[in-house]
Amino acid sequence: MSYLLVISIGPVQEFIAAARRTRDLWFGSYLLSEMSRAAAKSVEANGGKLIFPASSNVDNVANVILAELPSGEPKHVAAQAKHEAHQTWLAFANEAYEEAAGAIRQDIWGDQVDDVIEFYAAWVARTDPSPYQSDRARLMRLLAGRKNCRDFAPAKGRAGVPKSSLDGQRESVLKDPAREPWPERLRTQLRIRKGEQLDVVGLVKRVAGGKRPYPSVSRVAADPWIRGNKQKPSFGDLVEACKALPKHVLHHLDEEHFPQFQDFPYEGTVVFKSRHHEWRSEIDEEDWPTSIGQIQDALGKLSEPSPYLAVLVADGDRVGAAIAALASPDAHRDFSENLSGFAKQVHTIVNANRGVLVYAGGDDVLAFLPVDKCLDCARQLHDDFGRRLAMYGNLSLSVGIAIGHFMENLEDLLEYGRAAEKAAKKPDRDGLAVHLHKRGGAPIQIRSPWQDQPDQRLKRYAELLRREAIPSKLPYDLRKLADVYDGWPKETLAQALCADVLRVIRDKQPKAGRHYLEEIEQLVRTRLTDATSLRRFTEEVLIAHQIAMALEQAEAPSVTAEEVAR
C-alpha cells in the first residue's frame, strides 16, 4: 500500500521571528531549513519520493515536507526523519556550546537542548481510484489536527533566573557575569549588550555555523550614502581606517557571500557617529580602536548617512487554491520545481538590488533593502513570480515594503514589513503596499494594485521632487486643503480642487521646477478628483520624498578640487 506523508518542523516563531540582530534572524531561518533538509533526505533514503519540495537539494527547504511512500511503514519513515532533524539541531547546538562553554550554565543548557524541536507528522493511505486532491486535503486536515494536539513536556523553569531577551520563553543559559566571570573574548564574540540574556535557541543562532558576520540593518541603511561617497578622498580615508581594524573589533563581511557590499564590507554602525557608543559597549574597552579619531575625522568631512532602510515581505496569492487543483503527485512536483526556481532567482534579484535576503522559501520572501532600490526589487520579484507560475492560472505576488529607522527594534521592523504585506493583499491581492514609519508620528501607508504601476508612479514623484518640480513641503499644504473639500458639491468638486492644488504648487514651486509644470498639471487633472484622492496623493508624495532622499545620497557627486586637496 502506498501513502502520502506530511511532516512539519518547528518552532517557526523561535527560529525566524525572535531576533535582535540580522545574524540571529538569518541563522534561525538557515537552521530551520537545514533541519527540514535533513528530514527530507531521510524520507528519500527510506524510499519516499518528495513532492514538496521536489528535491532535498533546493536552496531553502520549507518547514513543511510532503512526500509519497510507494512502500514502507510511514510511522518508521516519520520517526527516522524526526531523528535526523534532531541530530542536525544537536550538531549546531554542540558547535555553539564548544564556542561559548565558558559563558554557559550547563544545568540549564542540559534542560533545554533536547526540548526544542517541534516535529509533527501525518499520513494517509492512497486508495485507488481516490483522487490526489482529496487525499492531500485529508492529509492536511490530519496534520492541522495533530498540531492542535500539542505535546506539553513538564516545565523545567528555575526561579530567579532571567528569561531570554529575545522572546521571554525560556530561562537564560548564560552565567551571571557578576558571580561567575566569563572569558573576556566571549563578550565580544557573542556581541552581548549589558543585561541581554539568551536561551539555548538564541545562543545557537548567535554563534553556531562559524563566525561569518551577516550584514546589519545599519549597513543596508547606509548603502546609498556609501555609493554616493565612495569616490571621495575622505571616504577612502575611512575605508583605510576600517581595513586596519581587527575583525573582532569591526566585523568584516565575507565578500564572496556578499559581493554587493564589496565597496564597503564592514559593519554599518561605524559610519553612524551617533552610534559609536553602542559599538564601544559591545567590545572590550582595551580593544577600542586608537584610530577612532581618524574614522571620526573622515566622517566629519562627509554628509550624514540616512538611517532608513526597507523591509520587503512578499507572499504568493492564490497558491493554496492552485495546489488544491493539482491532479497528481507529478503535477504537484512540477509546481514545486517552478516555485523552487523562483526562490533561487530571488537571491539573484535581491543581491542585484544591493539587498540582503533573509529567506526565500516557496512563495515567501523576506529581505532588507536600501530605500532607493526597494521598488525596483519589488517589481522584479513580482514579474518573475508571475512568469514562472503563469501556467497555473491567476497567481500573483503581493509585496509589502516597510521603510523604517535602523534603530527600531528588529522585531518591530519585521512586524512593520508583515503589516505592509497583509495590506498589499487587501482587498483583491496582487498589490504593492508601502508603509513609511518615521520616528514620531503615525505611519504613512499606501496600497495599489500592481496593474496601476504604483512603483513607477512613486519613482516619478521622487524624480520630480529631486528636480523641485514638486515642492518638498507641498504635501503638508495639500493635507490642509483636502479638509476644505470634504463635503464639497460634486458638480464643481474636481474642477475647483485641481485649480486650488495647481495654485498651491505654482506658489511653492522654485524656478528650477517650472520646466515640469505641464507634466504636473496633467498629473493633477488625471489623479485628483476629490478629497480622498488628494489625501492619497499627499501620502504618495511623502513616501516618494523618502525615496528621493535616498536617491540623492546614492548619486555620486563629482569630486571637488577642495576635496581632492584634503
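None of these values were measured; they are calculated from a predicted model.

1. Considering the side chain of S36
At step 1: Looking at the element boundaries, S36 is found in helix α2 (residues 22-45).
At step 2: When sequence neighbours within four positions are dropped, the list of residues in contact with S36 reads I9, V61, A62, N63 and I65.

2. As for the packing of helix α17 (residues 454-466) against helix α20 (residues 517-527)
At step 1: For the pair α17 and α20, interaxial distance at closest approach is 13 Å and the crossing angle is 140 degrees. By the angle between their axes, α17 is oblique relative to α20. When the axes of α17 and α20 are compared, the crossing they make is left-handed. Contacts between α17 and α20 involve R457, R460, Y461 and L464 from the first element and E519, I520, L523 and R527 from the second.
At step 2: Of the residues in the contact of α17 with α20, the class split is 4 nonpolar, no polar and 4 charged.

3. What to know about the sheet that holds strand β4 (residues 118-125)
Sheet strands associate in pairs through backbone hydrogen bonding, adopting either a parallel or an antiparallel arrangement.
At step 1: An order of β2-β3-β1-β4 is seen for the 4 strands of this open sheet, with the pairing classed as antiparallel. One side of each edge strand has no neighbouring strand; the edge strands of this open sheet are β2 (49-52) and β4. Neighbour-to-neighbour, the strand axes of the sheet open up by a mean angle of 25 degrees, direction not taken into account.
At step 2: Of the strand pairs in this sheet, strand β1 (residues 3-10) and strand β3 (residues 64-69) are connected by 6 bridges, and their pairing is antiparallel.

4. Thoughts on the pattern of salt bridges
At step 1: Counting across every chain of the model gives 44 salt bridges.
At step 2: With its nearest N and O atoms 2.6 Å apart, the salt bridge here joins R354 to D223. Placement of the pair is R354 in the loop between α14 (329-352) and β6 (356-361) and D223 in helix α9 (residues 223-229), with a sequence separation of 131 residues.
At step 3: Residue R354 is classed as buried on the basis of its relative accessible area of 14%.
At step 4: In this structure D223 comes out as buried when scored by relative accessible area, which is 0%.
At step 5: For K508, the salt bridge goes to D477, with nearest N and O atoms at 3.4 Å. Residue K508 is found in helix α19 (residues 490-508), and its partner D477 is found in helix α18 (residues 474-484); the two are separated by 31 residues along the sequence.

The rules we used
Residues numbered from 1 in each chain as written. Predicted model: local features only at pLDDT ≥ 70, side-chain atom pairs only at ≥ 80, totals over all residues. Heavy atoms only, no water. Helix = DSSP H or I, 4+ residues; strand = E, 2+ residues; numbered from the N terminus. Contact = heavy atoms within 4.5 Å. Axes fitted to C-alpha atoms, helices over the stretch in contact; angles between N-to-C directions. Parallel < 35°, antiparallel > 145°, perpendicular 65-115°, else oblique. Left-handed = near helix turned anticlockwise from the far one by under 90°. Nonpolar A, V, L, I, M, F, W, Y, C, P; charged D, E, K, R; others polar. Pairing = 2+ DSSP bridges. Salt bridge = Lys/Arg side-chain N within 4 Å of Asp/Glu carboxyl O. Buried < 20%, exposed > 50% of the residue type's maximum accessible area, 1.4 Å probe, protein only.

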